[in-house]
Amino acid sequence: MVLAAASSSDDLSLALYDVTFAVVDVETTGGGPQTCALTEIAAAKFRGGDCLGTFATLVDPRDAIPPFISSLTGITDDMVRGAPALPGVLPAFVEFVHGAVIVGHNVSFDLAFLNAALEDNERLPLDNLIVDTLALARRLAHEEIPNCRLGTLAAALELEHRPAHRALDDVMATADLLHRLIEDATGFGVFQLGQLVELPQFIPTIARTPSRKLRAFL
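What counts and how
- Residues numbered from 1 in each chain as written.
- Predicted model: local features only at pLDDT ≥ 70, side-chain atom pairs only at ≥ 80, totals over all residues.
- Heavy atoms only, no water.
- Phe/Tyr/Trp six-rings, centres within 6.5 Å; stacked < 30°, edge-to-face > 60°.
- Helix = DSSP H or I, 4+ residues; strand = E, 2+ residues; numbered from the N terminus.
- Buried < 20%, exposed > 50% of the residue type's maximum accessible area, 1.4 Å probe, protein only.
- Lys NZ or Arg CZ within 6 Å of the ring centre and 35° of its normal.
- Expected span 1.5 Å × (residues − 1).
- Arc of directions from axis to C-beta.
- Axes fitted to C-alpha atoms, helices over the stretch in contact; angles between N-to-C directions.
- Parallel < 35°, antiparallel > 145°, perpendicular 65-115°, else oblique.
- Left-handed = near helix turned anticlockwise from the far one by under 90°.
- Contact = heavy atoms within 4.5 Å.
- Nonpolar A, V, L, I, M, F, W, Y, C, P; charged D, E, K, R; others polar.
- Pairing = 2+ DSSP bridges.
- Core = buried A, V, L, I, M, F, W, Y, C linked by side-chain atoms within 4.5 Å.
- Salt bridge = Lys/Arg side-chain N within 4 Å of Asp/Glu carboxyl O.

1. A word on the packing of aromatic side chains
For the structure shown, the criterion picks out 3 aromatic pairs. Note on Phe 109 and Phe 113: the rings are 5.1 Å apart at their centroids and 50° apart in plane angle, and the pair reads as tilted. On the criterion of helical spacing, the pair formed by Phe 109 and Phe 113 is a turn pair, its members being 4 residues apart in helix H5 (residues 107-120). Exposure remark for Phe 109: the relative accessible area of 28% places this residue in the partly exposed category. Through a chain of ring-to-ring contacts, the aromatic side chains of Phe 55, Phe 93 and Phe 96 assemble into a single cluster. Over the ring of Phe 96 we find Lys 45, and its NZ or CZ is 4.7 Å from the ring centre.

2. A word on helix H4 (residues 86-97)
Look at H4: 16 Å from first C-alpha to last across 12 residues, which is about the 16 Å you get at 1.5 Å a residue. Here H4 has its buried residues at Leu 86, Val 89, Leu 90, Phe 93, Phe 96 and Val 97. All buried residues of H4 lie within an arc of 130° about the axis, which places them on one face of the element. Along H4, exposed side chains directed more than 90 degrees from the buried face belong to Gly 88 and Glu 95.

3. Regarding the packing of helix H6 (residues 133-140) against helix H8 (residues 167-185)
For the pair H6 and H8, interaxial distance at closest approach is 10 Å and the crossing angle is 40°. Classified by the angle their axes make, H6 and H8 are oblique. In this structure, H6 meets H8 at a crossing whose hand is left-handed. Mapping the contact onto sequence places Thr 133, Leu 136, Ala 137 and Leu 140 in H6 and Thr 174, Leu 177, Leu 178, Leu 181, Asp 184 and Ala 185 in H8. Considered class by class, the residues forming the contact of H6 with H8 number 7 nonpolar, 2 polar and 1 charged.

4. Observations concerning the sheet that holds strand S5 (residues 130-132)
The strands making up a sheet are joined through hydrogen bonds of the backbone, oriented either antiparallel or parallel. Taken together, the 5 strands give an open sheet; going across it, the order is S3-S2-S1-S4-S5, and neighbouring strands pair in mixed fashion. Strands at the two margins of the open sheet, each flanked by one partner only, are strand S3 (50-58) and S5. With direction set aside, neighbouring strand axes in the sheet form an average angle of 20°. Running at roughly 15° to strand S2 (residues 38-47), H4 makes contact with strand S1 (20-28), S2, S3 and strand S4 (101-104) of the sheet. Relative to the sheet, H5 contacts S1, S2, S4 and S5, its axis offset from that of S1 by approximately 80°.

5. Thoughts on the nonpolar core
Formed by 39 residues in total, the largest nonpolar core has its most connected members in Phe 21, Leu 193 and Leu 196. When contributions to this core are tallied by element, the ones reaching two or more residues are S1, S2, S4, H6, helix H7 (150-156), H8 and helix H9 (193-202). With 10 residues, H8 is the largest single contributor of residues to this core. Those residues within four positions of Leu 193 in sequence are excluded, and the remaining contacts are Asp 11, Leu 12, Leu 14, Leu 16, Val 19, Phe 21, Val 101 and Leu 129. In this structure, Val 24, Leu 86, Phe 113 and Ala 117 belong to the second largest nonpolar core, which totals 24 residues.

6. Overview of the pattern of salt bridges
The full count for this structure, using the stated rule, is 3 salt bridges. One salt bridge connects Arg 166 with Glu 40, and the closest N-O pair in it is separated by 2.8 Å. Of this pair, Arg 166 sits in the loop between H7 and H8 while Glu 40 is found in strand S2, placing the two residues 126 residues apart along the sequence. Judged by relative accessible area, which is 7%, Glu 40 ranks as buried. For Arg 81, the salt bridge identified is with Asp 78, shortest N-O distance 2.5 Å. Relative accessible area serves as the criterion here: at 59%, Arg 81 is assigned to the exposed category. Residue class for Asp 78 comes out exposed when judged on its relative accessible area of 57%.

Written out as structure tokens, the structure reads:
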């Protein structure tokens, strides 16, 4: 779902080309913050389609990375040995995303780990407005594409960047997807941030005939 936590109605009235989006992604040692830890955090800020900067760091999970996770992400115990621990990473990350709309693909997963880490380090949870590209894709693209996994969407839509289970790679693929979905959303009259946030709830799924390119993909 798309989660809204705007601090004022002024935020929601912003034209989309004036919104600063912070696309985020994390890599972890497993599926939940109660028993697993962060190994990598990345983010990139965009406004009007332009990248304003990036943030990326490995994180020492202070525990062994399971072999199947290393096989999936390519992140090994040797790589995170000597990387900063969370107390040294979180302040810079929070400063980087401050004031931006946080974007992620299935972003609740990333936020669960990030907010658990913030709580463990006696910091307030993130209160940014949140947009989930998974929810947007399920509304705008699922009629044409077999599933809404990031890799499937990136291939079907021929996005410039492709996810690779590394945080910054996945951030850049998600940013490409965000911009493509915003472009598609304008066809429904979506031009302001509030309209984008509410799109999954209030714009019905439209049955569409797949384009020639997508028919070939399917």
